[in-house]
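Topology and contacts: notes
The chain contents come next:
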Amino acid sequence: MRILVSNDDGFDAPGIRALADAVMDLGDVWVVAPDSEQSAKSHSLTLAAPLRARRRGERRFAVDGTPADCIYLGAHGLLDGPPDLVLSGVNRGSNLGTDVHYSGTVAAAREAVMAGFPAVAISLHVLPEDEALHWDTACHVARHVARDVVSHGLPPHTLLNVNVPNIPRVALKGVRTATLGVRRYANRVLRREDPWGRHYYWIGGPHLSFADIADSDGPLVEQGYASVTPLHSDPTLSTFLEPLRDRLDT
Ligand code: MN
């Protein structure tokens, strides 16, 4: 079995090393990951510039592109055949609720399922005050989920988005399937001045809260459970198709 591992934190990030090591006994592990951090780059592809893949070991490549580039290039150009399973992570920081639209970690998994390969994204819910990083807890859950996907497969165009609290494995309350919730951040804009008196901006603010939605991913992770949310690459809102058809179709 061929397993392709990628991420958005970069080839040298501790989370991807832990994940690649954790699934070594499940098959031939290939790592194709960005050579620099690509967090929050979502699903962008590099189409107007060349990509270079630097060999970093046997079945190991660092690519000067995005997470989606890595899956595309890995699956269709670098591996010796199609991957049977694609794993993305372990991301430093959770990808909960609305985060999935920005996440490069989730986009790598989405790129995989769009090409027909089952995929799982795994992220560790690290809080700003956390000192220890419990990659082993995330890898334990990743193995649990990966083995299920290997045994049962996934529906077409479906990925699993997994988030794990950053706590010791013995403290983990369990694994819970969950819906995608809503995450709120402070929408902060910092305006500064460069040495020539021109303004520049930093965007991005701290996490505020998760919406209090029962069985949604954020609150479950905050309670000490690992969440598993099935996501489909087709975001059509089917419930709104019929009323919209009545109004717009001519
Ligand atoms: Mn990241």
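Structural data are supplied above this passage.
In this report, we go over the structure that sits alongside the text. (Residues numbered from 1 in each chain as written. Predicted model: local features only at pLDDT ≥ 70, side-chain atom pairs only at ≥ 80, totals over all residues. Heavy atoms only, no water.)

1. What about the pairing of strand β7 (residues 158-165)?
Burial analysis of β7 places eight of its eight residues in the buried class, which makes it a mostly covered element. Strand direction decides the pairing type here: strand β6 (residues 119-125) and β7, joined by seven bridges, are parallel. By the bridge assignment for β7, Val120 is matched with Leu160. Considered for its hand, the β-α-β crossover made up of β6, helix α4 (residues 135-152) and β7 is left-handed. (Buried < 20%, exposed > 50% of the residue type's maximum accessible area, 1.4 Å probe, protein only. Helix = DSSP H or I, 4+ residues; strand = E, 2+ residues; numbered from the N terminus. Pairing = 2+ DSSP bridges. Right-handed = clockwise from strand over helix to strand, strands pointing away.)

2. Let's talk about the pattern of salt bridges
Any two side chains of opposite charge can pair, so long as their charged atoms come close to each other. What the rule picks out here adds up to nine salt bridges. For the salt bridge of Glu242 with Arg245, the shortest nitrogen-to-oxygen distance reads 3.0 Å. Here the residue Glu242 and the residue Arg245 both occupy positions in helix α6 (residues 238-248), the gap between them amounting to three residues, near one helical turn. Classification of Glu242 as partly exposed rests on a relative accessible area of 44%. As a salt-bridge pair, Asp249 and Arg245 come within 3.9 Å of each other at their nearest N and O atoms. By relative accessible area, Asp249 is classed as exposed at 53%. Here the salt bridges do not stand alone but share partners, grouping Asp12, Arg17 and Arg56 into one network. (Salt bridge = Lys/Arg side-chain N within 4 Å of Asp/Glu carboxyl O.)

3. Details of the coordination of the manganese ion
Those donors, Asp8 (OD), Asp9 (OD), Ser39 (OG) and Asn91 (OD1), are the protein atoms that reach the manganese ion, and they lie 2.1 to 2.3 Å from it. In the primary sequence, the donor residues of the manganese ion line up as D-D-x29-S-x51-N. Here Asn91 lies in strand β5 (residues 85-92) and Asp8 lies in the loop between β1 (2-6) and α1 (14-22), a separation of 83 residues in the sequence. Given a relative accessible area of 2%, Asp8 falls into the buried group. (Donors = N, O, S within 2.8 Å, 3.2 Å for Na, K, Ca; no water.)

4. Brief notes about a nonpolar patch on the surface
Nonpolar side chains collect at one region of the surface, where Leu45, Leu47 and Tyr72 lie side by side and expose about 350 Å² of accessible area between them. By the element assignment, Tyr72 lies in helix α2 (residues 67-78). Taking relative accessible area as the criterion, Tyr72 reaches 47% and is therefore assigned partly exposed. (Patch = residues over 30% accessible without salt bridge, like charges linked within 9 Å, V, L, I, M, F, W, Y side chains within 5 Å. Areas by Shrake-Rupley, 256 points an atom, 1.4 Å probe, with all protein chains shown as cover.)

5. What to know about unusual backbone geometry
Going from Gly89 to Val90, the amide bond is cis rather than trans, its omega being -10°. Locating Val90 in the fold gives a position in strand β5. Positive phi, close to 50°, is recorded for Ser42, a residue that is not glycine. Here Ser42 shows up in the loop between β2 (28-34) and β3 (53-57).

6. Brief notes about the pairing of β1
Burial runs high along β1: four of the five residues are buried. As paired elements, β1 and β2 share four bridges and run parallel to each other. Across the sheet, residue Leu4 finds its bridge partner in β2, namely Trp30. Taking the sense of rotation as the criterion, the β-α-β connection linking β1, α1 and β2 turns out right-handed. In terms of strand pairing, β1 meets β5 through four bridges, oriented parallel. Counterpart to Ile3 in the pairing with β5 is Leu85.

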